[in-house]
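What follows is the residue order along each chain.
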Amino acid sequence: MNESITFAGLKTRFKLMKLFFGILLSLFFSQLAFSQNATIRGFVFNKVDGEPMPFEKVRLLKADSSAVTGAITDVNGYFSMAKIEIGEYIVKVESAAYRTLTENVSVKKANGITSLKFNLEKKDNVLNISEMSVSADSKRKTTQVLISEIRLDKKGLERIPSIGGENDIVGAFSITPGVITTGDQGGQLYVRGGTPIQNKILLDGMTIYNPFHSIGFFSIFETELIQSTSIYTGGFDAKYGGRISSIMDITYRDGNRKSFGGKVSASPFLAKAVLEGPLSKGKNGKASPGSYIFSAKHSLLNYTSKSLYRNANAGAGLPFAFTDLYGKLTFKSEGGSKFSGFGFHNRDQVTYDIADINWTQSGGGINFLLVPSSSPIFIKGHVNGSNFSTEFNEFVTADDSVYRASSIGGFDLGFDFTYFLKDEAQFDYGINLSGFNTKYLTFNEAKQRIEDNNFTTEIGVYFSYRYVTPRWVVQPSFRTQVYASLGTISPEPRLGVKYNATDKFRLKASGGRFSQNFTSASSDRDVVNLFNGLLSAPTNVQSNFVTLYQNEKTPKNGLQYAWHAIGGFEYDLTKKLSLNVEGYYKYFTQLSNINQNKLYPDIAEFSDIDDVFKKDFILENGESYGADLLIKYSGKRLFIWGVYSYGKSIRWDGDTTYFPVFDRRHNINLVGTYLFGKKKDFEISIRWNFGSGLPFTPTAGFYENQPFANGVTSDYTTSNANEVSTILGTFNSQRLPTYHRLDLTIKKKFVFKNKDYIELVGSITNLYDRKNIFYVNRVTNQKIYQFPILPSFGMSYKF
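Not measured: the values here are computed from a predicted model. (Residues numbered from 1 in each chain as written. Predicted model: local features only at pLDDT ≥ 70, side-chain atom pairs only at ≥ 80, totals over all residues. Heavy atoms only, no water.)

Asks: I'm lost on the overall build of the protein chain in this one. Help?
Replies: Assigned secondary structure in the protein chain consists of five helices and 47 strands. Every one of the 799 residues in the protein chain was classed for burial, and the buried ones make up 55%. Residue pairs at least 24 apart in sequence account for 65% of intrachain contacts in the protein chain once pairs closer than 6 positions are excluded. (Helix = DSSP H or I, 4+ residues; strand = E, 2+ residues; numbered from the N terminus. Buried < 20%, exposed > 50% of the residue type's maximum accessible area, 1.4 Å probe, protein only. Contact = heavy atoms within 4.5 Å.)

Asks: Mind showing me how you'd approach the confidence of the model for the protein chain here?
Replies: The predicted coordinates ought not to be read in detail in places where the model reports low pLDDT. Overall, the predicted model of the protein chain reaches an average pLDDT of 85, with 87% of residues at or above 70. Between residues 1-8, whose pLDDT stays under 50, and residues either more than four places distant or in other chains, the model counts one contact. Within the model, pLDDT remains below 50 along residues 127-135, and this stretch shows 24 contacts once partners closer than five positions in the same chain are excluded. (pLDDT = per-residue confidence, 0-100.)

Asks: Would you mind going over the packing of aromatic side chains with me for this structure?
Replies: In this description, a pair of aromatic rings is defined by centroid distance and the angle of the planes. For the coordinates displayed, the defined rule picks out 36 aromatic pairs. Each ring, one from Phe217 and one from Phe787, has its centre 5.2 Å from the other, and the planes form 50°; the classification is tilted. Separated by 570 residues along the polypeptide, Phe217 in the loop between strand E12 (206-207) and strand E13 (226-232) and Phe787 in the loop between strand E46 (783-785) and strand E47 (790-798) bring together distant segments of the chain. On the basis of relative accessibility, which here comes to 6%, the residue Phe217 falls in the buried class. If you follow Lys748 out to its NZ or CZ, it ends over the ring of Phe750, 5.4 Å from the centre. We note Lys749 situated over the ring of Tyr757; from NZ or CZ to the ring centre the distance is 4.5 Å. (Phe/Tyr/Trp six-rings, centres within 6.5 Å; stacked < 30°, edge-to-face > 60°. Lys NZ or Arg CZ within 6 Å of the ring centre and 35° of its normal.)

Asks: Got a minute to help me understand the sheet that holds strand E2 (residues 57-62) in this structure?
Replies: By way of backbone hydrogen bonds, the strands of a sheet pair with one another, either parallel or antiparallel. Strands sit in the order E3-E2-E5-E6 across an open sheet of four strands; the sheet is antiparallel. Edge positions in the open sheet fall to strand E3 (67-72) and strand E6 (101-107), since each of these has one partner strand only. In this sheet, neighbouring strand axes are inclined to one another by 20° on average, regardless of whether the strands run parallel or antiparallel. Bridge count for E2 against E3 is five bridges, and the pairing is antiparallel. Across the sheet, Leu61 pairs through a bridge with Ala67, a residue of E3. (Pairing = 2+ DSSP bridges. Axes fitted to C-alpha atoms, helices over the stretch in contact; angles between N-to-C directions.)

Asks: For this particular structure, what's the right way to read unusual backbone geometry?
Replies: A negative phi holds for most residues other than glycine; trans holds for most peptide bonds. Despite not being glycine, Phe55 has its phi angle at roughly 60°, a positive value. Examined against the element boundaries, Phe55 turns out to sit in the loop between strand E1 (39-46) and E2. Using a relative accessible area of 14% as the deciding quantity, one classes Phe55 as buried. One non-glycine residue, Gln550, lies in the positive phi region at around 65°. Inspection of the secondary structure assignment puts Gln550 in the loop between strand E30 (545-546) and strand E31 (552-553).

Asks: Is there a simple way to explain the environment of Ile163 in this structure?
Replies: Inspection of the secondary structure puts Ile163 in the loop between helix H3 (154-158) and helix H4 (169-174). In this structure, the C-alpha to C-alpha distance between Ile163 and Asn766, residues 603 residues apart in sequence, is 9.9 Å. Excluding anything up to four places from it in sequence, Ile163 contacts Phe217, Phe218, Phe269, Arg741, Asp743, Ser763 and Thr765.

Asks: Honestly, the nonpolar core in this entry has me stumped. Any pointers?
Replies: Nonpolar side chains tend to gather and get buried jointly when the protein is soluble and globular. Phe173, Ile208, Phe221, Ile250, Tyr252 and Trp641 are the most contacted members of the largest nonpolar core, which has 43 residues in total. Of all the secondary structure elements, the ones that give two or more residues to this core are strand E8 (149-152), H4, strand E10 (189-191), strand E11 (199-203), E13, strand E14 (246-252), strand E19 (338-351) and strand E35 (638-652). Looking at this core element by element, the count peaks at four residues for H4. Among all residues touching Ile250, those that are not within four sequence positions of it are Ile169, Ile201, Leu202, Leu203, Asp204, Phe221, Ile226, Ser228 and Thr229. By size, the runner-up hydrophobic cluster in this structure holds 20 residues, among which are Ala38, Met53, Tyr98 and Phe118. (Core = buried A, V, L, I, M, F, W, Y, C linked by side-chain atoms within 4.5 Å.)

Asks: Before we go on, may I ask you to explain the pattern of salt bridges in this structure?
Replies: Where side chains of opposite charge bring their charged atoms close, a pairing between them can arise. Evaluated as defined, the whole model comprises 30 salt bridges. One salt bridge connects Arg140 with Glu149, and the closest N-O pair in it is separated by 3.8 Å. No difference in accessibility class separates Arg140 from Glu149, as the two residues are buried. Of the charged contacts, one joins Lys508 and Glu570 as a salt bridge, the two residues approaching to 2.8 Å between their closest N and O atoms. Placement of the pair is Lys508 in strand E27 (residues 505-516) and Glu570 in strand E32 (residues 560-572), with a sequence separation of 62 residues. (Salt bridge = Lys/Arg side-chain N within 4 Å of Asp/Glu carboxyl O.)

Asks: Hey, could you run me through the pairing of E1 in this one?
Replies: One face of the sheet, then the other: side chains in a regular strand alternate in exactly this way. Of all eight residues in E1, eight are buried; the element is thus mostly enclosed. Across the two faces of E1 the burial is the same, with Thr39, Arg41, Phe43 and Phe45 and Ile40, Gly42, Val44 and Asn46 all buried. By the bridge criterion, eight bridges tie E1 to strand E7 (residues 113-120) in an arrangement that is parallel. Bridging from a neighbouring strand, Phe45 pairs with Asn119 of E7.

Asks: Please clarify how a nonpolar patch on the surface should be interpreted in this entry.
Replies: Taken together, the side chains of Tyr549, Tyr571, Leu573, Tyr585, Tyr625, Leu629, Ile631, Tyr644 and Tyr646 define a hydrophobic patch exposed on the protein surface, amounting to about 730 Å² of accessible area. Within the residue set of the nonpolar patch, elements represented by two or more residues are strand E34 (617-634) and E35. A per-element tally of the nonpolar patch places E34 first, with three residues. Residue placement: Ile631 occurs in strand E34. You can call Ile631 partly exposed: its relative accessible area is 33%. (Patch = residues over 30% accessible without salt bridge, like charges linked within 9 Å, V, L, I, M, F, W, Y side chains within 5 Å. Areas by Shrake-Rupley, 256 points an atom, 1.4 Å probe, with all protein chains shown as cover.)

Asks: Please clarify how helix H5 (residues 301-308) should be interpreted in this entry.
Replies: Working note: α-helix, 3.6 residues per turn, so residues spaced by three or four point in the same direction. Every buried residue belonging to H5 is among Leu301, Thr304 and Ser305, and all of these are buried. Projection of H5 onto a plane perpendicular to its axis shows the buried side chains occupying an angular sector of 105°, all on one side. Exposed residues lying more than 90 degrees from the buried face of H5 are Tyr303 and Lys306. Where H5 is buried, its residues touch strand E17 (290-299) and strand E18 (320-332). (Arc of directions from axis to C-beta.)

Asks: Help me understand the sheet that holds E12, please; the structure alone is not making it clear to me.
Replies: Spatial strand order, E8-E13-E14-E11-E12: five strands in an open sheet with mixed pairing. The two strands at the open ends of the sheet, each matched to only one other strand, are E8 and E12. In this sheet, E14 lies alongside E13 in antiparallel orientation, the contact comprising six bridges. Looking at the pairing, Ser230 lines up with Asp249 of E14.

Asks: How do you make sense of the environment of Val91 when you look at a structure like this?
Replies: For Val91, the position within the fold is in strand E5 (residues 87-94). On the accessibility criterion, Val91 (0% relative accessible area) is buried. Aside from chain neighbours lying at most four places away, what touches Val91 is Ile40, Val58, Arg59, Leu60, Met81, Leu101, Thr102, Glu103, Val105, Leu116 and Phe118.

Asks: What am I meant to see in the side chain of Gln227 here?
Replies: Checked against the element boundaries, Gln227 lands in strand E13. Note on Gln227: relative accessible area 9%, which makes it buried.

Asks: Got a minute to help me understand the pairing of E14 in this structure?
Replies: In terms of residue burial, E14 counts as a mostly covered element, since seven of its seven residues are buried. Bridging between E11 and E14 involves five bridges; their strand directions are parallel. Pairing of Lys200 across the sheet is with Ile247, part of E14.

Asks: Please explain the side chain of Arg140 as it appears in this structure.
Replies: Position of Arg140 among the secondary structure elements: in helix H2 (residues 134-143). Given the relative accessible area of 7%, Arg140 is considered buried. Among all residues touching Arg140, those that are not within four sequence positions of it are Ile72, Leu146, Glu149 and Arg151.

This is the structure:
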């Protein structure tokens with residue numbers, strides 16, 4: 001890089017920082033413009049460990065017990081009720097699993113703020129909390145749009161059958177309506193026509209570049225630490241940016257502020273430990289202001305699989321190895337403000353017969369939550385940094401291999417502001433600044449080298465307003481995404497609407513525009529995507545592009561864009577049984593892909609060659625549409641989750657329309673859990689997944705690849721080729737066999753008098769040993785299958 005470019009880059013970044021802090025200061029001072037109506041706010045905590053209690057119902061009553069308004073606590077246990085008139089009130093916190101708490105409140109000033117704190121204590125003889133959030137969920141259904149959103153807590157995750165005796169968030173994501181998995185290996189998830197790179201995974205506000213391990217059953221996340229998980233499969237509001245398909249927003253809990261505790265577990269698949277406790281002893285029986293929590297897990301398959309799973313991988317065992325580490329320190333004030341610092345490290349290694357894969361990622365950050373005593377504004381902020389690097393070595397033949405590598409390192413600084421309004425309406429706004437450096441090296445099918453090193457900066461500013469009446473919930477929002485390094489500003493209007501037709505039946509819709517910088521270092525045309533590199537939006541793309549609907553464009557870069565349109569309804573058949581149906585359409589106006597057609601270097605010598613044969617990347621567009629049906633039953637003992645998804649995805653590369661490798665017409669997920677025994681300490685869970693065949697490119701024929709060692713004088717009639725090459729048919733014109741698998745999990749819990757417990761877990765993955773295709777050698781027709789039947793036994797001790 002020359003000096004002039006470096007200086008120009010520094011000037012751009014300096015201007016960007018000035019813009020960021022200018023907008024940030026205006027957002028901070030904007031709180032002064034809000035009218036100072038009386039506000040009653042506070043936090044709800046668990047009395048046992050001092051942890052916040054999310055999604056609890058809080059009601060404001062008059063002295064005669066008539067209802068005034070209400071609220072639902074957020075993931076921080078925070079609630080706020082605004083525009084309260086002068087008078088005497090009762091604040092009531094209700095929960096099916098915890099004792100009801102009340103507190104008398106006197107509002108004497110029209111612009112005063114009353115702050116409260118509740119510590120919930122569990123009711124006697126409450127053994128299961130499957131119904132604890134029913135009343136709160138009912139309230140949320142009528143005051144929030146909740147379209148294309150699935151929300152789960154730790155208890156919800158544990159209902160899903162485990163793999164290898166260990167619950168993991170992968171199970172929750174894979175049974176979400178609209179989500180497609182292409183198999184047991186690789187950890188790839190596709191959401192309503194979007195690719196893995198188009199899914200944004202957040203952990204406490206930090207973007208996780210690679211959330212899933214190669215084995216596909218396990219993520220980097222620790223289930224024991226998860227407080228809540230929100231999965232948005234489309235139409236999400238302007239709070240979220242930088243991705244065009246889906247969002248998974250994961251929040252970890254803090255450590256126990258009252259006592260030391262933890263959990264250890266082991267199975268043939270992995271071993272793990274979680275430790276937590278207060279940083280100091282609390283005074284006068286109160287919780288400590290500081291806490292810590294630490295988790296570690298390490299795979300054991302490279303030690304156990306050759307002897308326990310001899311039928312897997314032709315007796316070679318399961319070639320997966322991974323390690324995950326996480327730690328966090330948290331400090332809380334009496335007023336509810338909070339400061340946290342965290343760090344993590346992940347490592348993954350796998351050795352297939354066809355390739356070796358290694359990746360690592362590390363990072364850390366600071367999160368804070370501010371509750372100003374004199375302002376109704378609720379402020380959250382974060383600053384973090386992380387890096388991810390991966391290497392991939394593909395064995396083409398015994399003497400030939402292809403090496404690929406990719407890395408990304410970046411930072412993110414953000415602030416979010418929430419102003420609570422009357423009747424559970426609210427106004428959210430925020431800003432974030434991010435920057436990342438990407439490096440990559442890859443080769444296309446013609447073995448043309450493609451590499452780059454790039455630094456990119458972005459600013460995102462958003463506003464979101466939720467208006468609530470007894471019948472309507474309307475949530476317009478707007479995001480401005482500034483791609484400073486590319487000289488592009490993306491305006492992104494979005495809208496969500498819900499109509500409460502009756503107490504049981506609700507209509508809803510959402511839509512908007514979305515954009516992202518990241519693209520993948522692997523092609524959507526790859527049959528098996530094992531290499532998961534990350535790139536910033538390329539500029540080395542064709543100068544002209546004709547879209548699917550024959551509109552000509554002259555793109556400046558490879559930023560990706562999409563429009564979403566979603567509509568549906570939800571119907572409460574009973575208090576325990578609900579039905580949700582949604583239809584969706586996603587139009588991907590611009591996508592960037594590795595150019596598998598590149599044959600020439602992009603130099604002056606080949607200036608007369610069409611761009612599609614010499615550019616590193618190629619622009620495409622396409623569309624995806626379908627419908628998802630979810631039926632859910634939550635009882636005291638029985639839990640049922642049934643999902644059917646219909647989807648169709650097509651891509652257009654400027655010349656040909658094709659089905660991408662994840663295009664699956666029909667997908668079914670059935671999950672059932674039942675609790676046995678008087679104490680409900682014996683549990684059986686099953687999951688059955690069915691997917692219609694994915695597309696693949698058939699083999700049209702074979703030919704001998706003549707080397708022509710003597711050039712034009714070679715005699716092809718007497719020379720013998722030493723290898724056979726294939727002639728491929730129409731790209732992705734045929735379908736693989738259907739995929740289906742049944743998993744079973746059995747759990748038994750033994751609880752001691754001091755509330756410690758041991759849990760025994762037995763599981764069988766692929767119970768009827770279905771032979772699902774993973775890979776086929778075109779020349780020898782040798783078939784490699786997904787995982788066979790995998791029984792497992794695990795044990796955990798919670799103290």
